[in-house]
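# Remarks on the overall topology
Listed below, chain by chain, are the residues.
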Amino acid sequence: MNHKIKNPVIPGFYPDPSICRAGDDFYLACSSFELFPGIPVFHSRDLAHWELSGYALTEENGFHVEKNSMTGGLMAPTLRYHDGTFYMINANFCDRGNYIVTARNPAGPWSQPHWLDDVPGIDASIFFDDDGKCYILGTGNVWDNGTGVKERGIWLAEYDIENFKMAGEPVTIFNSALRVGTSPESPHLYHVGDYYHLVIAEGGTEHYHAVMTARSRDIFGFYEGNPANPVMTHRHMGFSCPVTNVGHADFIELADGSWYAVMLASRLIEGKYKNLGRETFLCPAVWERDWPLLSPETGKLEMEYDMPASLPYTEYPPEPEFDDFTAVSKNSEINKLQLCWNFWGTPYEPFYKVQNSRLILKCISQRLAQEIEPVSFVPRYRKDRFAAFVARRQRDKNTVITCQMTFMPDGTQSAGMAAVGAMNHQYHLERACENGKQIVRFVKYTSEYDVPPHMPGFQSITIRTVVAQAEWEEADIILQIQIEGEQFSVRYGAHKSCLRELCTADGAEMNPEKVGCMAGTMLGMFASGNGTDSDNEAQFDWFEIKTGIGTVKEQGAAEA
C-alpha cells in the first residue's frame, strides 16, 4: 500500500519547526511564544504521523514567560542530536535571551537553561560538523553595506559546546539572497558533499516569506547564493493561494540517504484569514548539481506526498476529543492535565487543580483580555502576567468546543469558554452577574494599535463589546461555540442535546489580517475576578473539541 504524508503534518499553531533524527526516530520542536509549558517536542517514526512527547521548558527547569500580546516569549528553536544528547537552542524574550537546554530523552527531563550571554542577536542555531566540531550561527546587524551602516545578516562562530561559550569571534558569512531582501533570519547549516549549505528564511514570516539557500566550500567563507532562490515560497501565487506564508525550513537526511524539509506555512480560511496561525508542513528534497531542490517537479508545497518506503508506517493515538479530567499525562507533572493543554504565562499562582474528575479554576484578579504592554528586551520577571486560562490549539477551520461548567458568579467575576488570538482579539462565552441578574453572555474583544509591541511608540486600546446575553439562573450550564470557517455559532443550555442559540458572530473580527499569523487561535476554559481576587471557583466537568464537523444546520441546534 502506498501510504501518504498529508500536510500540514502538525496542524494548528505550531510554527518555526526544527527537526533532527536519532537512529530510526525523528524529533521536531516548534515555537510556543507566551504559552506554558514552552517548546513542544514531537516524535515520529515515519514523518507522516507525529505525537506530542513533551516540552523542553517547564516548571522543573525554571521556565519563565509572561502573558501579553501572544507574539512574544519563545520563538525559532533549533533542535539537534549529537553523540547521545539532544540540544535545543532558542531565545526567551521574557527572560535573559539566548539559551541552550539539553536532554538524553527529548520527552524530558531537560536541563536547566545554559544562558548564552555572549551570543548576540536572534534565531541562533547550532551545527555539528562531520569531525565533531560545533558551531553556532545567528542573525544580527553584522553586514556592512559599504556605507558604514550595519544591516541584518548571518554570522558564524566556532562554539565550545561542553562549556556553552564562544570558541572564536563571529564571522559574517551572508547578508541576504535578494539584493533588497528583508528579514534574513533563522539560519541552519548542513555539510553535504563538498559544500556547507546555509538555509535561511527571508521576506518576513507573512505573505512574502521564503526559503533561501547559499553554499561555500569553506565553512567560514562568504556564501554563494543559490541562483534558483527562493527554493520554496508561495508569495508568487497571490494572496488567495490556500497555503501561504511558506518559509523557515529545516532539512533532515533519512537513513536511506533521502532528504526532506519541514517548514511553516498558513492555511487560509475563506481565502483571506489565518486564524489557525502558522503550521508545520513537510516536503521531499533532492540535491541537484550540489544545490537543494524542494518539492521536485512542482516546486510548491503539496497537500500530500508519498511516504518514504524505507520508513515504517506508524500511527499514534490522536489527541483526545473528550476530556473528563481523569487521565494523567504520561510524562508530566502539570497537575495531571494531558500534554495538549497549555497555560498563557507561567502559572505562578495555584489558580487551578484537577480534583474529583473536574478541572477547577479560581477567579483570580488577572483578566484574560488584559491590556497589552510594550515588549521590553530587558527582563522584568513579572510574576503576575498570567491568566486562569487552560487551552488547546484550534487545528481545523471547522471546530466545535463544548463544556459543562458549574459556576455562580458574583460581583465582577466571570468564567466560561474563550477563543483567544493574538493582540487581544478574543471571544468569551461566559457566565456573569450584571445588575444583580445572573446571565450568560458572548463578549468580543478587539484592539487598535499602529505598531507591534516590540517597536518604539507602541500603544494599544482594547475594545470590549457585548455581542449578546440572556438570563441564566442555574449554576450548571453547557456552553458551546461552533466555528465553521469564520462563522461562530454560540449556544448554551442545560443539556447538550437541546442547546439554545445565543448569537452568531464573525470570526474575522476576532483575528483579522491585521493581527497576522504569528500565533493561532487557542480554545479553552477560563475564570477571572476581572480586577478583584476571589476564592470563587468555576468547576468544569468535561471539555470536548471536535474537528472537521459539518455545517451549522447539520448540528441541529435548537432555536432559543
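Above this text you will find the structure in question.
Residues numbered from 1 in each chain as written. Predicted model: local features only at pLDDT ≥ 70, side-chain atom pairs only at ≥ 80, totals over all residues. Heavy atoms only, no water.

### A few points about the pairing of strand 7 (residues 74-82)
- With seven of nine residues buried, strand 7 lies mostly within the body of the structure.
- Summarising the sheet, strand 7 and strand 8 (residues 85-92) pair through seven bridges and their orientation is antiparallel. Residue pairing across strands places His 82 opposite Thr 85, the latter belonging to strand 8.
- Between strand 7 and strand 8, which pair antiparallel in sequence order, lie two residues; one of them, Asp 83, sits at a positive phi of approximately 55°. (Buried < 20%, exposed > 50% of the residue type's maximum accessible area, 1.4 Å probe, protein only. Helix = DSSP H or I, 4+ residues; strand = E, 2+ residues; numbered from the N terminus. Pairing = 2+ DSSP bridges.)

### A short note on unusual backbone geometry
- Cis peptide bonds are those with omega within 30 degrees of zero, and the linkage from Asn 7 to Pro 8 qualifies with -10°.
- Summarising the element assignment, Pro 8 is placed in the loop between strand 1 (4-6) and strand 2 (18-22).
- Of note, the amide linkage connecting Gly 108 to Pro 109 takes the cis form, showing an omega dihedral of 5°.
- Inspection of the secondary structure puts Pro 109 in the loop between strand 9 (97-103) and strand 10 (114-115).
- Its identity is not glycine, yet Asp 16 carries a phi of approximately 55°, on the positive side.
- Among the secondary structure elements, Asp 16 is positioned in the loop between strand 1 and strand 2.
- On the accessibility criterion, Asp 16 (4% relative accessible area) is buried.

### Some details on the pattern of salt bridges
- Scanning all chains against the criterion turns up 27 salt bridges.
- The partner of Glu 373 in a salt bridge is Arg 385, with the nearest N and O atoms 3.3 Å apart. Of the two residues, Glu 373 is situated in the loop between strand 29 (358-362) and strand 30 (389-393) and Arg 385 in the loop between strand 29 and strand 30; the sequence distance between them amounts to 12 residues.
- Judged by its relative accessible area of 22%, Glu 373 falls in the partly exposed class.
- Residue Arg 385 is classed as buried on the basis of its relative accessible area of 4%.
- Among the ionic contacts, a cluster of salt bridges with common partners joins Glu 373, Arg 382, Asp 384 and Arg 385. (Salt bridge = Lys/Arg side-chain N within 4 Å of Asp/Glu carboxyl O.)

### A look at the packing of aromatic side chains
- Here the structure, examined in full by the defined rule, presents 27 aromatic pairs.
- Between Tyr 87 and Phe 128 the ring centres are 5.2 Å apart and the planes differ by 45°, which places this aromatic pair in the tilted class. Of this pair, Tyr 87 sits in strand 8 while Phe 128 is found in strand 11 (residues 122-128), placing the two residues 41 residues apart along the sequence. The same class applies to Tyr 87 as to Phe 128, namely buried.
- With a centroid separation of 6.5 Å and an interplanar angle of 50°, the aromatic rings of Tyr 449 and Phe 458 are classed as tilted.
- Given a relative accessible area of 8%, Phe 458 falls into the buried group.
- Chaining the aromatic ring pairs together yields one cluster made of Phe 127, Tyr 135, Tyr 196 and Phe 220. (Phe/Tyr/Trp six-rings, centres within 6.5 Å; stacked < 30°, edge-to-face > 60°.)

### Re the sheet that holds strand 32 (residues 414-420)
- Strands sit in the order 30-39-32-33-34-35 across an open sheet of six strands; the sheet is antiparallel. A single partner strand is all that each edge strand has here, and the edge strands are strand 30 and strand 35 (460-471). The average angle at which neighbouring strand axes cross in this sheet is 20°, direction not considered.
- For strand 32 and strand 33 (residues 426-434), the ladder comprises seven bridges, and the chain directions are antiparallel. Residue pairing in the sheet places Gly 416 in a bridge with Glu 430 of strand 33. (Axes fitted to C-alpha atoms, helices over the stretch in contact; angles between N-to-C directions.)

### As for the environment of Thr 399
- Here Thr 399 lies in strand 31 (residues 398-406).
- You can call Thr 399 buried: its relative accessible area is 0%.
- Distance in space between the C-alpha atoms of Thr 399 and Phe 543 is 13 Å, their sequence separation being 144 residues.
- Side-chain polar atoms of Thr 399 contact the backbone oxygen of Asp 396, separated by 2.7 Å. (Polar contact = N/O pair within 3.5 Å; in protein donor to acceptor, adjacent residues only side chain to side chain.)

### As for empty space enclosed by the protein
- Counted under the stated rule, the structure contains four cavities of 30 Å³ or more.
- Taken as a whole, the largest cavity encloses approximately 120 Å³ of empty space.
- Around the largest cavity, the lining comprises 13 residues; the ones closest to its centre are Glu 66, Phe 93, Cys 94, Val 375 and Arg 380.
- Taken together, the residues of the lining of the largest cavity break down into six nonpolar, four polar and three charged. (1 Å grid on protein atoms, 1.4 Å probe; cavity = no way out; pocket = protein on both sides within 12 Å on 5 of 7 lines; lining within 4 Å. Points joined across faces, edges and corners; volume = space filled by probe spheres on them. Nonpolar A, V, L, I, M, F, W, Y, C, P; charged D, E, K, R; others polar.)

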